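# Observations on the three-dimensional arrangement
Below are the chains, spelled out letter by letter.
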Amino acid sequence: MTLNLIETLPESSIYLPTQSRILEVQPLTKLEKLFTIELPGGIALGHKPGQFVEVSLLGVGEAPISISSSPSRSNGSFELCIRRAGDLTSVLHRMTSGETIGIRGPFGRGFPFERFRGKDMLFAPGGLGLAPLRSLINQVMDERGNFGRVIILYGARHPSELLFTNELAEWQARDDIELHLTVDRADDNWKGNVGVITTLFPKVDIHPRNTVAVTIGPPIMYRFVLMELLGKGIPEGNIWLSLERRMKCGVGKCGHCQINHLYTCQSGPSFSYAEIKHLAEAL
Ligand code: FES
């Protein structure tokens, strides 16, 4: 197979799903599987960390899914971490390599990676939030020399719900990543921190003016994590999060994702806190 990393999807793909091949399906937890997807001819998806695609199955439906792989590791394919949570995702979870799914995208505004260079990076994913953040984390790690400290504070409800445990072990073994894990409820084998993600923040000292913080997790987490980040003195414009709720069409047509004047599918889903702090409904 010849890879063409210049060519990307045509403009028409904002409306028409491109039939794409599942290369691999790996179970991550009881509820999440990692799908490796190849576009026709191995063309590049051309995404940025923080963007999403619309995944569809004829006769079943369509849903927005965050892209979990880093563009720096595209190799002619991309990865989606999909939680089984409804009709479409249940059918997807029964699919195997070689089968095809529809892909539209990538859509949305990714994180402003160029603006992050030179900064200390503090990542605070909660639960499934590690799936989209992994794309950004791995892009930072592939340019490790261009960043200061890399701190990851990751919380899940239970050890069995931690995602990408192989990668977590690799990150833990590196001396250029400060990884802190926590679970709400431990099991007999868990030796680490127990408590919600905010219990990890006192464990790290940061230089707030030179730190960019990126948090992705369930909406209920944001209010508490934002309080911690603001309390540490990180400027509002350096705190980033992702608002992925209620998206449907992905391209600014249906209005489902609208919060006040913003279509989160187009203006986001990545926002700085400074951009959305006035949207009480968003947080
Ligand atoms: S998802 Fe339809 S307008 Fe944003």
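Residues numbered from 1 in each chain as written. Predicted model: local features only at pLDDT ≥ 70, side-chain atom pairs only at ≥ 80, totals over all residues.

### A short note on the overall build of the protein chain
Spelled out, the test is: Numbering of helices and strands runs from the N terminus; a helix is a DSSP stretch of H or I covering at least four residues, while a strand is a stretch of E covering at least two. Computation of the radius of gyration draws on C-alpha atoms, with the globule rule given as 2.2 Å multiplied by the number of residues to the power 0.38. Each residue is represented by a C-beta atom placed from its backbone, and any two residues with such atoms within 7 Å are regarded as in contact.
Scanning the protein chain for helices and strands turns up 7 helices and 15 strands. Computed over its C-alpha atoms, the radius of gyration of the protein chain comes to 18 Å, within 12% of the 19 Å expected for a compact globule of 283 residues. Once local pairs closer than 6 in sequence are excluded, the contacts in the protein chain between residues at least 24 apart make up 73%.

### Here we look at the nonpolar core
The following threshold applies: By convention the nonpolar core is taken to be a set of buried residues drawn from Ala, Val, Leu, Ile, Met, Phe, Trp, Tyr and Cys and joined through C-beta atoms within 7 Å. Buried means a residue has 20 or more other C-beta atoms within 10 Å of its own C-beta, exposed means 12 or fewer, and partly exposed covers the counts in between; C-beta atoms are placed from the backbone. For the domains described, the bounds stem from an automatic or database domain assignment.
The biggest cluster of nonpolar side chains holds 67 residues, and the ones touching the most others in it are Leu-80, Phe-123, Ala-213 and Val-214. Looking at this core element by element, the count peaks at 7 residues for helix H3 (residues 130–141). Structurally, this core is a two-domain feature, drawing no fewer than three residues from each of domain 1 (11–107) and domain 2 (113–242). In this view, Phe-123 contacts Leu-133, Ile-137, Ile-151, Ile-152 and Val-214; residues no more than four positions away in its chain are not counted.

### Concerning the sheet that holds strand E3 (residues 52–57)
Backbone hydrogen bonds hold the strands of a sheet together, and the pairing may be parallel or antiparallel. For clarity, the threshold we go by: Criterion used throughout: strands pair if DSSP finds at least two bridges between them. Between N-to-C directions, angles cover 0 to 180 degrees, with each direction set by a line fitted to C-alpha atoms, over the stretch in contact for helices.
What the 6 strands build is an open sheet, ordered E4-E3-E6-E1-E2-E5; its pairing is antiparallel. The sheet terminates laterally at strand E4 (61–66) and strand E5 (78–83), the two strands that pair on one side only. Neighbour-to-neighbour, the strand axes of this sheet turn through a mean angle of 40 degrees, independent of strand direction. For E3 and E4, the ladder comprises 6 bridges, and the chain directions are antiparallel. For Ser-56, the partnering residue across the bridge sits in E4 and is Glu-62.

### Notes on the domain arrangement of the protein chain
We count it as follows: Residue type decides the class: Asp, Glu, Lys and Arg count as charged, Ala, Val, Leu, Ile, Met, Phe, Trp, Tyr, Cys and Pro as nonpolar, and the leftover types, Gly among them, as polar.
For the protein chain, the assigned domains read domain 1 (11–107) and domain 2 (113–242). Computed from C-alpha coordinates alone, the two centres of domain 1 and domain 2 are separated by 24 Å. Taken together, the contact between domain 1 and domain 2 spans 17 residues of the former and 15 residues of the latter. Along the lines of polarity and charge, the residues of the side of domain 1 that touches domain 2 split into 5 nonpolar, 7 polar and 5 charged.

### What to know about the pairing of strand E7 (residues 120–125)
The buried count for E7 comes to 6 of 6 residues, which makes it a mostly enclosed element. The alternating pattern of E7 places Asp-120, Leu-122 and Ala-124 and Met-121, Phe-123 and Pro-125 on opposite faces, both of which are buried. Strand direction decides the pairing type here: E7 and strand E8 (residues 150–156), joined by 3 bridges, are parallel. Bridged to Leu-122 within E8 is Ile-151.

### Topic: the environment of Thr-182
Positionally, Thr-182 belongs in strand E9 (residues 178–183). The class of Thr-182 is buried, set by 21 C-beta atoms lying within 10 Å. When the C-alpha atoms of Thr-182 and Val-194 are compared, they prove to be 5.4 Å apart, with 12 residues separating the residues in sequence. Residues within four places of Thr-182 in sequence aside, it is in contact with Gly-155, Gly-192, Asn-193, Val-194, Gly-195, Ile-197, Thr-199 and Leu-200.

### Quick word on the sheet that holds strand E10 (residues 193–194)
The strand order across the open sheet formed by 7 strands is E10-E9-E8-E7-E11-E12-E15, and the pairing between neighbours is mixed. Of all strands in the sheet, those bounded by a partner on one side alone are E10 and strand E15 (270–272).

### What to know about the confidence of the model for the protein chain
Keep in mind that low pLDDT regions are not for reading the predicted coordinates in detail. Defined as follows: pLDDT expresses how confident the predictor is about each individual residue, on a scale running from 0 to 100.
Averaged over the protein chain, the pLDDT score is 93; the fraction of residues at 70 or greater is 94%. The low-confidence segment residues 1–6, where pLDDT is below 50, has 5 contacts with residues more than four positions distant or belonging to other chains.

### Comments concerning the environment of Val-225
Its place among the elements puts Val-225 in helix H5 (residues 219–231). The exposure class assigned to Val-225 is buried, which follows from the 25 C-beta atoms found within 10 Å. The sequence separation of Val-225 and Ser-72 amounts to 153 residues, and the corresponding C-alpha distance is 28 Å. Setting aside its immediate chain neighbours within four residues, Val-225 contacts Ala-124, Ile-197, Thr-198 and Thr-215.

### Considerations on unusual backbone geometry
In this structure, Pro-106 follows Gly-105 across a cis peptide bond, with omega equal to 10 degrees. Looking at the secondary structure, you find Pro-106 in strand E6 (residues 100–107). Although it is not a glycine, Asn-260 sits at a positive phi angle of roughly 50 degrees. Structurally, Asn-260 can be placed in the loop between strand E13 (258–259) and strand E14 (262–263).

### Details of the pairing of strand E11 (residues 211–216)
The criterion, for reference: Orient the strands so they point away from the viewer, and a crossover whose first-strand-to-second-strand path over the helix runs clockwise is right-handed.
Burial of E11 is extensive: 6 of the 6 residues sit out of reach of the surface. When E7 meets E11, the two strands line up parallel, connected through 6 bridges. Pairing of Pro-125 across the sheet is with Ile-216, part of E11. In the sheet, E11 pairs with strand E12 (residues 239–242) via 3 bridges, with the strands oriented parallel. By the bridge assignment for E12, Ala-213 is matched with Ile-239. The parallel pair E11 and E12, bridged by H5, forms a crossover whose chirality is right-handed.

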